[in-house]
Amino acid sequence: GQTGDNVVGYNLAGQYGNNLSEEYTTTSAFDCSGASQTYLSFYKWLGVESSSYDHAALEVSPDGGATWETVWAHEGSSVSGGSWEYVEYDISAWAAGNSSVHLRWSMGPSDGSVTYCGWNVDDVMVSYTAPCNVPILNYDSHVIDDSLGNNDGEINGGESIAMTVTLANVGLDAH
């Protein structure tokens, strides 16, 4: 693998087959209900014939596997695979705010001739940002102590002051 001895791969001892129907490796559900942005990153070692003949894709389900959306699909010429490649995708449109998100890597269908190693995946990570509860200054509760200055209750140039501020958490989303 990219890191350590473990990896998820289509066929760790060879290549995917000719005339392969579409097959998947699918994650268990994960909860992104608190997320405002969601990202998927992983290392891939992917070998696949031209997209005119063989297919590989990455899909996400926002609803527990009832529907699937394509995050990435192989397009273009053959890719032989040969090294680990780091990739990252913004999956916010599908995952953020949803409580039962799944990912799946698909291999196939393939035609009846050339084959490659297919998917090999390592170090999969889903990360997200969540809205924070922004503290709101309660301006009616502040007290300015400028007793080290001219003691007029105002901040004047050159004065040293102490300020007590009360913060109120009102559960607003930060943007």
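Use the structure listed above.
Residues numbered from 1 in each chain as written. Predicted model: local features only at pLDDT ≥ 70, side-chain atom pairs only at ≥ 80, totals over all residues. Heavy atoms only, no water.

Turning to the pattern of salt bridges, a few remarks are in order. Per the counting criterion, the structure on display carries 1 salt bridge. Two residues, Glu 59 and Arg 104, come together in a salt bridge whose shortest N-O distance is 2.5 Å. With a gap of 45 residues between them, Glu 59 in strand S4 (residues 56–61) and Arg 104 in strand S7 (residues 102–107) connect regions that are remote in the sequence. Judged by its relative accessible area of 10%, Glu 59 is buried. (Salt bridge = Lys/Arg side-chain N within 4 Å of Asp/Glu carboxyl O. Helix = DSSP H or I, 4+ residues; strand = E, 2+ residues; numbered from the N terminus. Buried < 20%, exposed > 50% of the residue type's maximum accessible area, 1.4 Å probe, protein only.)

Our focus in this paragraph is the sheet that holds strand S1 (residues 8–9). Overall, antiparallel pairing links the 4 strands, which are arranged S1-S8-S3-S6 in an open sheet. Where the open sheet ends on each side, the last strands, each with one partner, are S1 and strand S6 (85–90). Sheet topology places strand S3 (residues 37–44) next to strand S8 (residues 120–129); 7 bridges connect them, and they run antiparallel. Looking at the pairing, Tyr 43 lines up with Asp 122 of S8. (Pairing = 2+ DSSP bridges.)

Geometry only, nothing functional implied.
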